Every structure is written in C-alpha cells, then in structure tokens.
Amino acid sequence: MTREHLSPRLISWASILEENTRAQAVATSTMPFIYPHLALMPDAHLGLGATVGSVIPTLGAIIPAAVGVDIGCGMIAVRTQWTSEQVRSRGSLSALRVAIEKAVPLSAGGVNQRLTSTAASRVEILEEKAAAAGFDPTADAGRWRLQLGSLGSGNHFIEVTVDETDTVWLFLHSGSRGVGNRIAQRHIKVARELCERWWIPLPDKDLAYLVEGTDEFWAYIRELRWAQDYALLNREEMMDRVVDAIAEHMGEDVAEAERVNCHHNFTEQETHFGKTVWVSRKGAIKAGVGDAGLIPGSMGTASYVVTGKGDALSLSSSPHGAGRNFSRSAARRQFTHDQLREAMVGIEYRDTDAFIDEIPAAYKDIDQVMADAADLVEVRHVLRQIVNVKGD
C-alpha cells in the first residue's frame, strides 16, 4: 500500500512524487474550507494552482482552477465484436487511421465545416441547457457548435486498441474544447478579482475561490455543469464517427458490447464523512463501488478499463492516466524524433516530430501508477494500441 499522510489534510497514493508537486498539494490542502482532506492520486504532477491528479472536497466554496481549463475532459471507450486479426484482414491500418482523421477534426482550432445530423441534435440539447442556465456560450466561443465532435491537440487522442483477449476497443480522450476553456478562464479571473477586492490572502493566486450563496458562485456552477455536458456529448459525437469509420472498414455495423464515458476534470456534489461537499476532481475519475472507469497511458503504452472499489479515504476516486514526468518544453529538449519512432514500433500513427512532447518517456510509468491504485480500482481489461490518432 502506498497511501501516505503528507500533512493533516493531505493523503497521497503516489509512490513517485516530485517535491514541487508535493508542496503545491500541501498548499491547496491548507485552504480553510477543505473537508475532510485532499486526496492525491498516483499520477499527480504540477498543475495551474491545484495539482493535476488531486481530489479537492470543499465546504461552502469552490476553486475554479481546481477543475482547470478543460472542464469535463475525460474518456470514452467502445468494445466491439472483432479481433485485431479480423480488423487487419479487412485492409491496411493506415487506411483506417486516415479514415478516422477525415471523420474527426483534429488540432487546437479544428472545427467541423457543417453539423452532422447527430451533432445538430446534440447542439439543440446544449442550446436548451444553456438557456435554462441563463447564459449564452457564444459570448465565450462563437464556434462552439461547430467544435462539437472535434478532438483538440496535446494529449487528446483517438485509438483503436486490443485487450487481453485480442478484442478490439475504440478509445478516445477529449473535453469541452474552446468553449470550456473560455468559461473556465472567465470564472478563474472573477474569483481572483473577488479575493483581491476583499483582501483575502492566498498561498497561490490560482487558488482564488468563489463563496457558496453568491451570484458568482452559482453562475460558475451553472456554466460548469453546461461545459461538462458539452464535453460528454463531444466525446459521444466523436465516438459515433469513429464507430462509423471502423464499420466502413469492416463492411458491417459495430455491435457495441459496452460503452463507457467518464469525466476526469469535473465537479459535483457528493457526501463524504457525513457532510455534503463540492468534490472537484482535477485529473481523477470517480471510482465508487461498481463505477466503470477508463485510465489511459501515454501513446505507446497500455490503458485500462477499471471498476471502482469505493475507497473512502480517496473520496471514491482513482488516477486518470500516467501523469507527466517532463513538461512539454522539457520533453522536446530531452527526446528525439527517432526515440519517438522507436517507442511507437508496431503502432500505426502519423509519423511527425509534432508528437515528441507526447513520447511515452515524457510520462510516468503507467504500470507503477496502476500498482499504486490497487486499493482504488479493479482492472477489468488492459488495452494496447494498434492505431493512434492525434492532432498537432
């Protein structure tokens, strides 16, 4: 067991923890409204204000930066009826990768030229939810409708993977795109301004918070929930297109045996240790008893389909991925294009030096992360990529 009390209100499950990450988490745990304690996941690493890989329960207040700027970021996976041999026998994996890349807009500014019928239906749902929440998302991002069903860049990806039985899974990582980022940035700024106005001392300006009961607090909650819905529907829209792409490749429809869709940057109200609190998971998934979850590694390493164990001290949470060992700029200085190629041998991907900062060696060892999480989740399936799609 790796669980360790790092301070009176900070419990860590991370066997690999940099000193600056530890210091950041300790600082967050000193905020007066943390209850009962901050839980630090095995994949924890330095973040903006709050540590990535932390679970932050709060009473009567909320820290917008504790969710981060990619509100609702998370994973979706679909288990198909095929084996990798069957997929390979129907045509080249390169052709399948290109088909997926054509179906889903990639990169930071990627948008659809027009809405598919399914995207239009989902946009209608989001328009109704925005009206009910009393805000206009177009004021934050004019193209939010056309971004629904787009991937983004960085560590967001689409993969065709196989599990330990050689069954093919479709696997995807993305969030609320530009509109979620703008909503988050706006409310982080509001929280900072309020704390400055009332001379509230903070260990870090990005730990600025909103007080429950104020108009600013409830405006953030309403828009946060909308952005979380956007992220969920964005992943559903993309997965539907990936399903269509592989169905065309195989010449038959996908018989979905299972679909899992879960956030790992989000806030919701939950009850822990006798009190109702706002639980902000910044790089962590909900892992209550029986909760289905997805924990990706980096490109080129294993990912996991898991079931939560409901560990009370972790606030029913688990890690969300491998967690970075190197910043993007440090990874580009440390690693080469040839090393990336070596790490991706046997996987169909777009060979470009744009992905050097996503090389597996830039991340923590996902197997160690999962070993540290043994009390938090049960591993159901281990997935390995045969096709990887990313945006620049």
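See above for the structure.
The present account deals with the structure reproduced in this document. (Residues numbered from 1 in each chain as written. Predicted model: local features only at pLDDT ≥ 70, side-chain atom pairs only at ≥ 80, totals over all residues. Heavy atoms only, no water.)

1. Digging into the sheet that holds strand S14 (residues 292-295)
Reading across the sheet, the seven strands line up as S10-S6-S8-S7-S17-S15-S14 and stay open at both edges, with antiparallel pairing between neighbours. At either margin of the open sheet sits one strand with a lone partner, and together these are strand S10 (258-263) and S14. Recorded for the sheet is a direction-independent mean angle of 30° between the axes of neighbouring strands. Summarising the sheet, strand S7 (residues 157-162) and strand S8 (residues 167-174) pair through six bridges and their orientation is antiparallel. Looking at the pairing, Val-162 lines up with Val-168 of S8. Against the sheet, helix H7 (residues 215-250) engages strand S6 (74-83), S7, S8 and S10, with an angle of about 145° to S8. (Pairing = 2+ DSSP bridges. Helix = DSSP H or I, 4+ residues; strand = E, 2+ residues; numbered from the N terminus. Axes fitted to C-alpha atoms, helices over the stretch in contact; angles between N-to-C directions. Contact = heavy atoms within 4.5 Å.)

2. Here's the deal with the pairing of strand S1 (residues 4-7)
By the bridge criterion, three bridges tie S1 to strand S2 (residues 10-12) in an arrangement that is antiparallel. Across the sheet, the residue bridging to Ser-7 is Leu-10, located in S2. Hairpin geometry of S1 and S2 is characterised by an intervening segment of two residues between the two adjacent antiparallel strands.

3. Here we look at the pairing of strand S15 (residues 303-308)
For S15, the buried fraction is high: six of the six residues fall into the buried class. Side chains of S15 alternate between two faces, with Ser-303, Val-305 and Thr-307 and Tyr-304, Val-306 and Gly-308 buried alike. Direction of pairing for S14 relative to S15: antiparallel, over a ladder of four bridges. For Ile-295, the partnering residue across the bridge sits in S15 and is Tyr-304. Strand direction decides the pairing type here: S15 and strand S17 (residues 377-390), joined by six bridges, are antiparallel. Following the sheet pairing, Val-305 is matched in S17 by His-381. (Buried < 20%, exposed > 50% of the residue type's maximum accessible area, 1.4 Å probe, protein only.)

4. Brief notes about the packing of helix H4 (residues 117-133) against H7
When two helices pack together, their arrangement is given by the angle between their axes and by how far apart the axes lie. Contact geometry for H4 and H7: axes closest at 10 Å, N-to-C directions at 175°. Judged by the angle between their axes, H4 and H7 are roughly antiparallel. Every residue of H7 that contacts H4 at Thr-118, Ala-119, Arg-122, Ile-125, Leu-126, Lys-129, Ala-130 and Ala-133 is listed here: Arg-222, Trp-226, Asp-229, Tyr-230, Leu-233, Glu-236, Glu-237, Asp-240 and Arg-241. Residues belonging to the contact of H4 with H7 are distributed by class as follows: eight nonpolar, one polar and eight charged. (Parallel < 35°, antiparallel > 145°, perpendicular 65-115°, else oblique. Nonpolar A, V, L, I, M, F, W, Y, C, P; charged D, E, K, R; others polar.)

5. Some remarks on the packing of aromatic side chains
All chains considered together, the criterion is met by 10 aromatic pairs. Judged by centre distance (5.5 Å) and plane angle (70°), the ring pair of Phe-217 and Trp-278 falls under edge-to-face. Of this pair, Phe-217 sits in helix H7 while Trp-278 is found in strand S12 (residues 275-282), placing the two residues 61 residues apart along the sequence. Residue classification places Phe-217 among the buried residues on the basis of a relative accessible area of 0%. In textbook terms, an aromatic cluster arises when at least three aromatic residues are bridged by ring pairs, as seen for Phe-135, Trp-144, Trp-226 and Tyr-230. Lying over the aromatic face of Tyr-35, Lys-275 brings its terminal NZ or CZ to 4.7 Å of the ring centre. Over the ring of Tyr-363 we find Arg-324, and its NZ or CZ is 4.7 Å from the ring centre. (Phe/Tyr/Trp six-rings, centres within 6.5 Å; stacked < 30°, edge-to-face > 60°. Lys NZ or Arg CZ within 6 Å of the ring centre and 35° of its normal.)

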